Amino acid sequence: ACTGIENIDEAITLLEQNNWDLVAAINGVIPQENGILQSEYSGETLHGPAYGPTSHTTAASSTPSSSSAFRHVVPSRQIVERQPRMLDFRVEYRDRNVDVVLEDSSTVGDIKHILENELQIPASKMLLKGWKTGDVDDSTVLKTLHLPKNNSLYVLTPDLPPPSSSHSGALQESLNQNFMLIVTHREVQREYNLNFSGSSTIQEVKRNVYDLTSIPVRHQLWEGWPPSATDDSMTLAVSGLTFPCHRLTVGRRSSPIQTREQSEEQCTDVHMVSDSDGDDFEDATEFGVDDGEMFGVASSALRKSPMMPENAENEGDALLQFTAEFSSRYGDCHPVYFIGSLEAAFQEAFYGKARDRKLLAIYLHHDESVLTNVFCSQMLCAESIVSYLSQNFITWAWDMTKEANRARFLTMCTRHFGSVVAQTIRTQKTDQFPLFLIIMGKRSSNEVLNVIQGNTTVDELMMRLMAAMEIFSAQQQEDIKDEDEREARENVKREQDEAYRISLEADRAKREAQEREMAEQFRLEQIRKEQEEEREAIRLSLEQSLPPEPKEESTESVSKLRIRTPSGEFFERRFLASSKLQVVFDFVASKGYPWEEYKLLGTFPRRDVTQLDPNKSLLEVKLYPQETLFLEAKE
């Protein structure tokens with residue numbers, strides 16, 4: 001609106017030349033006098049630095065068309081000398097991602113040729129999708145699409161057959177399998193046998209091991225992970241573990257310490273500082289550093305080893321080198337940096353129990369800033385700051401010196417904090433580094449409480465850390481209250497469920513006891529019936545086998561017996577005197593009194609007839625001509 005520039009390439013070039021400072025970019029294009037734009041561009045060809053403050057020749061002022069403080073200026077054709085603009089593309093194909101960097105003067109076909117080498121797919125078979133504009137073909141120049149610096153595309157191959165389903169089936173089967181991890185705790189020589197499903201992540205394993213060994217994830221030093229297990233977010237099914245059992249060893253990571261002699265070998269000897277070098281540090285006395293200290297700063301800045309490798313594949317390895325180099329430069333008294341990815345730092349700081357949560361402090365280092373060495377040596381390594389950070393913060397660090405590492409962090413920052421925070425860090429100038437970001441985790445998002453620049457003091461740094469801690473403590477108390485209430489509700493529910501379960505078990509036990517009792521009664525009744533039926537059958541059999549009772553007028557000798565039962569009843573019968581005593585026993589048994597259970601007693605004299613020989617006759621045992629007997633149950 002102010003400059004009349006409609007070409008987005010020219011606008012982006014201006015902003016990049018002015019470090020994305022909008023006001024500086026506008027002032028560099030439009031000559032000003034007393035804060036009001038007075039002139040228009042002439043039709044002359046531009047010479048000298050493109051869009052510099054003195055790079056345009058102005059024409060005579062024309063009559064303003066409105067009363068606005070800024071007049072609409074329409075530039076004429078201009079010849080602009082600028083560097084080619086580089087574009088970054090993240091191209092996704094099935095389970096692969098390919099990064100492509102090209103000049104904006106390249107074509108879409110150039111991207112396909114690069115992908116042809118990477119993906120081993122003919123360019124003619126590719127459909128490159130994800131463009132924000134309409135029709136795009138292989139001859140389309142990227143500049144004409146007005147693309148941002150970072151772009152995401154994806155490749156479709158409809159003419160190629162899909163990948164074999166056997167691999168995906170095997171992967172799904174691996175996800176459903178259970179892995180036995182035998183983890184040896186090195187310091188105490190103790191083994192833990194842990195079962196995890198294939199869908200569990202390496203990060204979940206490490207957090208479970210923390211519960212067993214009390215070694216925080218950031219301090220765990222592992223041995224035995226397969227080479228393919230490069231990311232803690234990777235599932236066990238695809239990490240390359242041996243199925244069904246895999247052995248691992250874990251120990252506590254010690255802080256990397258270098259001896260003074262090793263540190264001196266890694267330094268470049270500096271015997272003098274030229275006049276031009278002195279200009280870089282002429283303002284160092286503002287921070288309380290004298291000339292002698294500045295020579296130490298210069299020497300430290302000239303170290304060969306970078307704080308962090310460029311394009312490191314694993315963030316944990318990059319942080320290990322950062323910690324080692326930081327210790328060698330500034331000593332062992334420094335914050336304990338979390339070793340792992342930024343996502344793992346979030347897990348450690350924000351996703352435990354409310355009482356165990358902490359703030360996350362992100363330290364952004366920059367070797368080319370004049371403030372870096374003073375900030376690290378005098379503030380970040382101060383014992384009070386180190387102690388306060390250790391108690392209340394999870395500290396994570398990153399080196400912004402290399403452009404690749406800077407771009408990688410800005411991508412992470414956009415993903416986790418949003419574009420506003422990423423833009424804020426992007427616009428920070430080199431001399432404003434190092435930066436200290438204070439992050440607080442909330443229920444649904446992560447909030448940046450404070451961005452502390454390097455031009456501060458120990459007292460101010462401590463005050464801002466404490467202010468952030470006050471905000472966090474208030475939020476933490478609310479979270480603890482909510483968590484306690486939730487746990488109380490869950491405890492009540494668990495107690496109710498347990499009482500209900502016990503009641504159900506008691507009812508079931510009572511019901512089973514009743515069923516057992518009824519079954520036992522039924523069984524006993526069945527036995528009783530069977531015994532009665534058996535006794536009745538025996539009685540009938542004996543009754544049928546008895547000889548007929550002789551008549552009174554029989555010519556043979558007859559013995560008349562009168563038998564009294566235990567209930568007081570009497571029954572009589574006549575027997576031949578020659579009949580055996582066994583016939584009497586059978587007669588008594590046929591009346592329901594088997595001689596195995598009852599004994600037959602005589603009166604005068606009192607004797608147990610059942611003890612006599614059953615084969616003798618009644619006459620022989622003196623039960624003739626008549627006798628009264630009574631039955632008595634055997635003991």
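For the structure, see preceding data.
Reading the values: the criteria
Residues numbered from 1 in each chain as written. Predicted model: local features only at pLDDT ≥ 70, side-chain atom pairs only at ≥ 80, totals over all residues. Heavy atoms only, no water. Helix = DSSP H or I, 4+ residues; strand = E, 2+ residues; numbered from the N terminus. Buried < 20%, exposed > 50% of the residue type's maximum accessible area, 1.4 Å probe, protein only. Contact = heavy atoms within 4.5 Å. Areas by Shrake-Rupley, 256 points an atom, 1.4 Å probe, with all protein chains shown as cover. Polar contact = N/O pair within 3.5 Å; in protein donor to acceptor, adjacent residues only side chain to side chain. 1 Å grid on protein atoms, 1.4 Å probe; cavity = no way out; pocket = protein on both sides within 12 Å on 5 of 7 lines; lining within 4 Å. Points joined across faces, edges and corners; volume = space filled by probe spheres on them. Phe/Tyr/Trp six-rings, centres within 6.5 Å; stacked < 30°, edge-to-face > 60°. Pairing = 2+ DSSP bridges. Axes fitted to C-alpha atoms, helices over the stretch in contact; angles between N-to-C directions. Parallel < 35°, antiparallel > 145°, perpendicular 65-115°, else oblique. Left-handed = near helix turned anticlockwise from the far one by under 90°. Salt bridge = Lys/Arg side-chain N within 4 Å of Asp/Glu carboxyl O. Disulfide = S-S within 2.5 Å.

Describing the overall build of the chain
Part 1 of the argument: Looking only at helices and strands, the chain has 16 helices and 19 strands in total.
Part 2 of the argument: Within the chain, the proportion of its 635 residues that are buried is 38%.
Part 3 of the argument: Restricting the contact set of the chain to residue pairs at least 6 apart, pairs at least 24 apart contribute 64%.
Part 4 of the argument: A total accessible area of about 37400 Å² is found for the chain, and carbon and sulfur atoms account for 49% of it.

Description of the side chain of Thr565
Part 1 of the argument: Inspection of the secondary structure assignment puts Thr565 in the loop between β15 (558-564) and β16 (570-576).
Part 2 of the argument: Within the structure, the side chain of Thr565 is placed 3.0 Å from the side chain of Ser567, a separation counted as a polar contact.
Part 3 of the argument: Setting aside chain neighbours within four positions, we find Thr565 in contact with Phe571, Tyr593 and Leu631.

Some details on the layout of surface pockets
Part 1 of the argument: Size it by volume and the second largest pocket reaches roughly 440 Å³.
Part 2 of the argument: Along the wall of the second largest pocket there are 21 residues; nearest its centre are Tyr210, Glu348, Gly352, Asp356 and Arg357.
Part 3 of the argument: Residue assignment for the lining of the second largest pocket shows that the elements contributing at least two residues are α5 (202-213), α10 (342-350), α12 (383-392) and α15 (458-545).
Part 4 of the argument: Considering each element in turn, the lining of the second largest pocket owes the most residues, four residues, to α5.

Digging into the packing of aromatic side chains
Part 1 of the argument: Per the stated rule, a full pass over the model turns up 20 aromatic pairs.
Part 2 of the argument: A centroid spacing of 6.3 Å and a plane angle of 50° characterise the contact between Tyr388 and Phe393, whose relative ring orientation is tilted. Phe393 carries the same exposure label as Tyr388, and that label is buried.
Part 3 of the argument: Considering the side-chain rings of Trp396 and Phe409, the 6.4 Å spacing of their centres and the 20° angle between planes classify their relative orientation as stacked. Of this pair, Trp396 sits in strand β12 (residues 393-399) while Phe409 sits in helix α13 (residues 403-417), and the two are 13 residues apart along the sequence.
Part 4 of the argument: Take Phe409: its relative accessible area is 0%, and that puts it in the buried class.
Part 5 of the argument: Aromatic rings pair up to connect Phe322, Phe326, Tyr330, Tyr337, Tyr363, Phe375 and Phe436 into one cluster.

A word on the sheet that holds strand β10 (residues 245-252)
Part 1 of the argument: With respect to topology, four strands assemble into an open sheet ordered β8-β7-β10-β9, the strand pairing being mixed. Looking at the sheet topology across the chains shown, the edges are occupied by β8 (190-197) and β9 (220-223). When the angles between neighbouring strand axes are averaged without regard to direction, this sheet yields 30°.
Part 2 of the argument: Looking at chain direction, strand β7 (residues 178-185) and β8 are connected through eight bridges and run antiparallel. Within β8, the position partnered with Phe179 by the bridge is Phe196.
Part 3 of the argument: Lying on the sheet, α5 is in contact with β7, β8, β9 and β10; it crosses β8 at an angle near 145°.

Considering the packing of α12 against α15
Part 1 of the argument: Running from N to C, α12 and α15 point in directions that differ by 15°, and their axes come no closer than 10 Å. Relative to α15, α12 is oriented roughly parallel. By crossing handedness, the relation of α12 to α15 is classed as left-handed. Residues Ser384, Ile385, Tyr388, Leu389 and Asn392 of α12 form the contact with α15, whose participating residues are Val458, Leu461, Met462, Leu465, Met466 and Met469.

Some remarks on the sheet that holds strand β14 (residues 446-452)
Part 1 of the argument: Spatially, the four strands line up as an open sheet ordered β12-β11-β13-β14, and their pairing is mixed. The open sheet has two free edges, formed respectively by β12 and β14, since each of these has just one partner strand. The average undirected angle you get between the axes of adjacent strands in this sheet is 25°.
Part 2 of the argument: Here strand β11 (residues 359-365) pairs with β12 via seven bridges, running parallel. Each bridged residue has a counterpart across the sheet, and for His365 the counterpart in β12 is Asp399.
Part 3 of the argument: Here α12 sits on the sheet and contacts β11, β12 and β13 (435-441); the angle it forms with β12, its principal contact strand, is near 110°.
Part 4 of the argument: α15 contacts β11, β12, β13 and β14 of the sheet and is inclined by roughly 10° relative to β13.

Concerning the pattern of salt bridges
Part 1 of the argument: Overall, the coordinates contain 28 salt bridges when judged by the stated rule.
Part 2 of the argument: One salt bridge in this structure joins Glu632 and Lys599, with 3.5 Å as the shortest N-O distance. With a gap of 33 residues between them, Glu632 in strand β19 (residues 626-633) and Lys599 in strand β17 (residues 598-602) connect regions that are remote in the sequence.
Part 3 of the argument: Since its relative accessible area comes to 30%, Glu632 is described here as partly exposed.

Considerations on unusual backbone geometry
Part 1 of the argument: In the segment running from Phe433 into Pro434, the intervening peptide bond is cis, with an omega of 0°.
Part 2 of the argument: Along the polypeptide, Pro434 turns up in the loop between α14 (419-426) and β13.
Part 3 of the argument: One non-glycine residue, Ser214, adopts positive backbone phi at about 65°.
Part 4 of the argument: Considering the arrangement of structural elements, one finds Ser214 in the loop between α5 and β9.
Part 5 of the argument: Of note in the backbone geometry, Lys622 takes a positive phi value of approximately 65° without being a glycine.

With respect to helix α16 (residues 581-590)
One turn of the α-helix equals 3.6 residues, which is why residues spaced by three or four share an orientation.
Part 1 of the argument: A large share of α16 lies buried, amounting to nine of its 10 residues.
Part 2 of the argument: Leu581, Val583, Val584, Phe585, Asp586, Phe587, Val588, Ala589 and Ser590 are the residues of α16 that are buried.
Part 3 of the argument: Residues of α16 that are buried sit in contact with α15, β15, β16, β17 and β19.
Part 4 of the argument: Positive backbone phi, approximately 100°, marks Gly592, located one or two places after α16.

So, the pairing of β17
Part 1 of the argument: Across the five residues of β17, four count as buried, placing the element largely inside the fold.
Part 2 of the argument: The sheet contact formed by β17 and β19 spans five bridges and is antiparallel. Note on β19: the bridge partner recorded for Leu601 is Phe630.
Part 3 of the argument: As judged from the two bridges shared by β17 and strand β18 (residues 607-608), these two strands associate in the antiparallel manner. Within the sheet, the bridge partner assigned to Leu601 lies in β18 and is Asp608.
Part 4 of the argument: Between β17 and β18, which pair antiparallel in sequence order, lie four residues.

Re the side chain of Gln203
Part 1 of the argument: Structurally, the position occupied by Gln203 is in helix α5.
Part 2 of the argument: Residue classification places Gln203 among the buried positions, given a relative accessible area of 8%.
Part 3 of the argument: Here Gln203 is in contact with Val217, Asp232, Ala344 and Gln347, once residues within four sequence places are set aside.

Digging into the state of the cysteines
Part 1 of the argument: For the structure shown, the criterion picks out zero disulfides.
Part 2 of the argument: The thiol of Cys381 is unpaired, and the distance to the nearest cysteine sulfur, on Cys333, comes to 6.4 Å.
Part 3 of the argument: On the accessibility criterion, Cys381 (10% relative accessible area) is buried.

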